[in-house]
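# Structure at a glance
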Amino acid sequence: MIKKLGEFLALLVIATVFVSLGIWQLNRAADLKTLMATASVIDTRIVRLESLGQPRVAFLPKSDHRTVSASGNYVANFRAPNQVDGAGSMQDWEVGLLQVEPQSAILVVRGLWSQRLVEPRIAMSDRIAITGTFLAHQNEDHSENAPGIISRLDSSVIVGLTDLDLYDGYVISTSEKFQGRDIVRTRVTPPALTSRIPGYYWQHLSYVVIWWLMAGVVLYLPLYRRRVKILETVKGEVHT
């Protein structure tokens, strides 16, 4: 009796785990659907950078792909190798560190590294007004860090090179102005907004069905075994 009770409790625990996994997968599907709906309606209004984030504060998901404006002085310049833009083209990018306030700065993708000498040279004392797309920091390295080179677009890789408070995330500039005049150069196409939840909506729903089907199979096993026993008993009686 105790053995049977233990087996039943074990099956019940396993079935509960499968049901819980199905509920978790269902919630993931709902979250993904919400993110997909949000991604299709991106607010294109230009807002000030400081209204979306603050230095030394984690990047907020609601700020992703928002169009921002800022002004300040470029205090450093880096090459970001092997970067892929929204059109799928891989090239080296020119990235400037824009000091936007007395003690804060943000990484700004200015354009292609190969065209860094096309526009007039900008002194560190020159104040530049930029407009661009605000993006979350990159997590994967595209190269190795070296003097003048950053492995990924992430303020954490340059935190030891400056005393400024850095914004989490970076801006891909769509325009730069110096004294009201446009700095003309080829701009980088921002990558498309994608969901941070892996997989597809219907894929998650199919997993829900699989988890709950497995829970049903686990609960049905004792009934199936009992039915097989009864059939074997009936067969034995018929043969005798």
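What you are looking at is a predicted structure, and each value in this text was computed from that prediction instead of being measured.

## Notes on a nonpolar patch on the surface
Among the surface-exposed residues, L213, V217, Y220, L221, L223 and Y224 lie close enough to one another that they form a single nonpolar patch of about 600 Å² accessible area. Summarising the element assignment, Y220 is placed in helix α2 (residues 201-239).

## Details of the confidence of the model for the protein
When pLDDT is averaged along the protein, the result is 84, and 83% of the positions lie at 70 or above. The lowest-confidence element of the protein is α2, averaging 74 in pLDDT; the highest-confidence one is strand β4 (residues 104-112), averaging 96.

## Considerations on the nonpolar core
W93, V95, V109, I150, L153 and I158 are the most contacted members of the largest nonpolar core, which totals 19 residues. Counting residues per element, the ones that place at least two in this core are β2 (66-84), β3 (90-101), β4 and β6 (165-178). Here this core gets 4 residues from one element, more than from any other, and that element is β4. In this view, L153 contacts A80, Q83, W93, V95, L107, V109, H137, Q138 and Y170; residues no more than four positions away in its chain are not counted. One finds L49, L52, A70 and F134 within the second-largest nonpolar core, a separate group that totals 18 residues.

## Quick word on the packing of aromatic side chains
One pass over the structure, following the stated rule, counts 2 aromatic pairs. When the centroid spacing of 5.0 Å and the interplanar angle of 65° are considered together, the rings of F59 and F134 count as edge-to-face. Placement of F59 in the loop between β1 (46-48) and β2 and of F134 in strand β5 (residues 128-135) is noted, with a sequence separation of 75 residues between them. For the pair F59 and F134, one class covers both residues: buried.

Thresholds applied
- Residues numbered from 1 in each chain as written.
- Predicted model: local features only at pLDDT ≥ 70, side-chain atom pairs only at ≥ 80, totals over all residues.
- Heavy atoms only, no water.
- Patch = residues over 30% accessible without salt bridge, like charges linked within 9 Å, V, L, I, M, F, W, Y side chains within 5 Å.
- Areas by Shrake-Rupley, 256 points an atom, 1.4 Å probe, with all protein chains shown as cover.
- Salt bridge = Lys/Arg side-chain N within 4 Å of Asp/Glu carboxyl O.
- Helix = DSSP H or I, 4+ residues; strand = E, 2+ residues; numbered from the N terminus.
- pLDDT = per-residue confidence, 0-100.
- Core = buried A, V, L, I, M, F, W, Y, C linked by side-chain atoms within 4.5 Å.
- Buried < 20%, exposed > 50% of the residue type's maximum accessible area, 1.4 Å probe, protein only.
- Contact = heavy atoms within 4.5 Å.
- Phe/Tyr/Trp six-rings, centres within 6.5 Å; stacked < 30°, edge-to-face > 60°.

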